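One-letter residues, chain by chain:
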Amino acid sequence: MSQWLPQDQIRDMFSRAMSEMYRQEVPQYGTLIELVETINREVLDANPTLAMELDQSGELARLDVERHGAIRVGTAQELAMLRRLFAVMGMHPVGYYDLSMAGVPVHSTAFRPLDDKALNRNPFRVFTSLLRMELIENTELRDRASEILAARDIFTPTARKLVATAETQGGLNADQANRFVNEALETFRWHRQATVELSTYRALSAEHRLIADVVCFRGPHINHLTPRTLDIDEVQRRMSQVGIDPKTIIEGPPRRRCPILLRQTSFKALEETIDFADDEEGQHTARFGEIEQRGVALTHKGRELYDRLLAESRQQGSAADNDSHQAQLASVFEAFPDDHDTLRREGLAFYQYFAVPGVQADPNDDVEALIEAGALVASPMIYEDFLPVSAAGIFQSNLGDDARDEYTAQSNQAQFEAALDGAVIDEIALYEERQQASLEAALAAFR
Ligand code: OOG
Ligand code: NI
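The numbers attached to residues start from 1 for each chain and follow its sequence in the written order. In the order they appear in the text, chains get letters beginning with A and ligands get numbers beginning with 1. Reporting of local features is limited, given that this is a predicted model, to residues whose pLDDT is at least 70; pairs of side-chain atoms are given and counted only at 80 or more, and all residues count toward the totals for whole chains, interfaces and linings. Values reported for side chains reflect all heavy atoms of the structure, with hydrogen atoms and water molecules removed beforehand.

Q: Now, about the site of ligand 1: what can you tell me, with residues and values included?
A: The nearness test applies per residue and asks whether one of its heavy atoms lies within 4 Å of the molecule or strand. Ligand 1 sits among His68, Ala70, Arg72, Phe127, Asn223, His224, Gln264, Phe288, Glu290, Phe386, Ala391 and Phe395. Contacts to ligand 1 include His68, whose side-chain N or O atom sits 3.0 Å from an oxygen atom. Counted as a polar contact is a pair of N or O atoms within 3.5 Å, where, for protein atoms, one must be capable of donating a hydrogen and the other of accepting one, and residues adjacent in sequence contribute only when both atoms are in side chains. One of the side-chain nitrogen or oxygen atoms of Glu290 is found 3.1 Å away from an oxygen atom of ligand 1. Only the protein chains shown count as cover for residues, with accessible areas throughout obtained via the Shrake-Rupley method and a probe of 1.4 Å. For ligand 1, whose accessible area on its own is 320 Å², the fraction buried by protein is 100%. Helix and strand definitions here come from DSSP, where helices need a minimum of 4 consecutive H or I residues and strands a minimum of 2 consecutive E residues; each element is numbered from the N-terminal end. Elements that contribute at least two residues to the shell around ligand 1 include exactly β1 (67–73) and α17 (388–399). No other element matches the three residues that β1 contributes to the shell around ligand 1.

As structure tokens, this is what we get:
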């Protein structure tokens, strides 16, 4: 046995510590978690088959701990150090999201675990955005922002040291891991004290609220921590009963028999009192709440169909309320097959294959024949990533009415990767690999 604590365990410790910290920082988070847990229990009680399927795929166990958070950083150095810090916990940058086309001057990735075992242990993800400084038009303000960012270190000295230790040793022992979790948490903590005077905050905020949020604080406070629900429509309906006011529409695909990708809703950011460096007091909104429901991951072909139908629905104009929005989406998405056999056969979605114990079969048979014969089961592979259009909707709903039009900048993955000091992993390639590996393992069972 290795003397190092498994990365999966460090990530699990970290995600629990983060949840505890956020519960204390944002009381509504606790209320939301209770509502989601209640509704998840109701769904499972009412659907024993679903409960059994989730149990078999290992998803039931992860449901209660599953969270994603989000942060926004200001410099390449910060992003590159985060990459190293998350790697200690087995989290790696997956996917590239350009949000400038939606009027948000950032591009992003998600740090998350990669393989089946790690995902089932704890799929904790952090959506991480980097401010695109070149999109600040006012050069004086841009220089001021760069100066302010250059003067801060968002990592504690001990966190930096332990990351380096993990890299050279190849891991952390239990005591080091405990310290690492506590020290890493500091980077994500909320700070009521801004690093700048109120006037600087106001000037940055006038350029874009998000710029002020990234630049004016000691660190990239975690701005939401999202639990996963099995029924987002029900959560949306019942949020107001627990005193939470959700955004108007649920982002993503409509409700379906076979959920696909990701549906999300959020509630408005808190108004928080900030102490500025010149002893002035002011208000800032940074933190909000969000809920998500995850469905099956789509192949390139499936994703193209999703993007096309979403665009079609958006062209019909935005609906006034969630019910009409969902009705409009549902009618457009009738063109998207809604049973797993068709989704699989048409190569629209990813599946994990399992050999049914005790059934003899010829491993050279066609996959569909093996499924037909009851030798092989295909279980939907959960989408582990994010959706740029949805993310833009979440950003905008929380930035308020002053959200602006598109930036003309091009998406720039190469620039993002240079800042990250590493490549982002292609999410579709990962699903493909996992699907293929599960099929090979299942077929090997028949030999
Ligand atoms: C991130 C918003 C995107 C999601 O779930 O799509 C996001 C942010 O506001 O920093 O978290
Ligand atoms: Ni989110």
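And the narrative resumes.
Q: A description of the nonpolar core should follow, citing residues and the corresponding values.
A: Nonpolar cores are built from buried Ala, Val, Leu, Ile, Met, Phe, Trp, Tyr and Cys residues. Side-chain atoms within 4.5 Å join them into one set. Burial status follows relative accessibility: with a 1.4 Å probe on protein chains alone, a residue under 20% of its type maximum counts as buried, one over 50% as exposed, and anything between as partly exposed. Formed by 70 residues in total, the largest nonpolar core has its most connected members in Leu204, Val215, Tyr306 and Phe336. Counting contributing residues per domain, this core is built from domain 1 (7–295 + 384–411) and domain 2 (298–336), each supplying no fewer than three. By definition in these notes, contact holds between two residues if any of their heavy atoms fall within 4.5 Å. Here Tyr306 is in contact with Gly252, Pro253, Ile260, Leu261, Leu298, Phe333, Phe336 and Leu387, once residues within four sequence places are set aside. Among the nonpolar cores identified, the runner-up in size contains 43 residues, and Phe14, Leu82, Phe124 and Val126 belong to it. An automatic or database domain assignment is the source of the domain bounds shown.

Q: Would you mind going over the sheet that holds strand β3 (residues 106–112) in detail, with residue names and values included?
A: Strands were regarded as paired on the criterion that DSSP finds at least two bridges between them. Pairing is mixed in the open sheet, where five strands are placed in the order β2-β3-β4-β1-β5. Of all strands in the sheet, those bounded by a partner on one side alone are β2 (92–98) and β5 (224–227). For this sheet the average axis-to-axis angle between neighbouring strands, irrespective of direction, equals 20 degrees. Pairing of β1 with β5 involves four bridges; the strand directions are antiparallel. From the neighbouring strand, Gly69 faces β5, where its bridge partner is Leu225. Fitted lines through C-alpha atoms serve as axes, helices being fitted only where they are in contact, and the angles separating the N-to-C directions of these axes extend from 0 to 180 degrees. The strands touched by helix α2 (residues 27–46) within the sheet are β1 and β5, with β5 carrying the most contacts at an inclination of about 10 degrees.

Q: Kindly report on the coordination of the nickel ion (ligand 2), identifying the contributing residues and their values.
A: The donor definition counts N, O and S atoms within 2.8 Å of each metal and applies 3.2 Å to Na, K and Ca; water is not among these atoms, so some sites may look incomplete. Within the protein, the nickel ion (ligand 2) binds to His68 (NE2), His224 (NE2) and Glu290 (OE); these donor distances fall in the range 2.1 to 2.2 Å. Written as a sequence motif, the donor residues of the nickel ion (ligand 2) are H-x155-H-x65-E. Of this pair, His68 sits in strand β1 while Glu290 sits in strand β9 (residues 289–294), and the two are 222 residues apart along the sequence.

Q: Now, about the packing of helix α5 (residues 76–88) against helix α18 (residues 413–420): what can you tell me, with residues and values included?
A: With their axes 7 Å apart at the nearest point, α5 and α18 run at an angle of 70 degrees to one another. Of the possible angle classes, the one that applies to α5 and α18 is roughly perpendicular. Between α5, through Ala76, Leu79, Ala80 and Arg83, and α18, the contact on the second element is made entirely by Phe416, Ala419 and Leu420. All residues other than Ala, Val, Leu, Ile, Met, Phe, Trp, Tyr, Cys, Pro, Asp, Glu, Lys and Arg, Gly among them, are scored as polar; the first ten of these are nonpolar and the last four charged. Of the residues that constitute the contact of α5 with α18, the class distribution is six nonpolar, no polar and one charged. If an angle is under 35 degrees, it is roughly parallel; if it is over 145, roughly antiparallel; if it lies from 65 to 115, roughly perpendicular; otherwise it is oblique.

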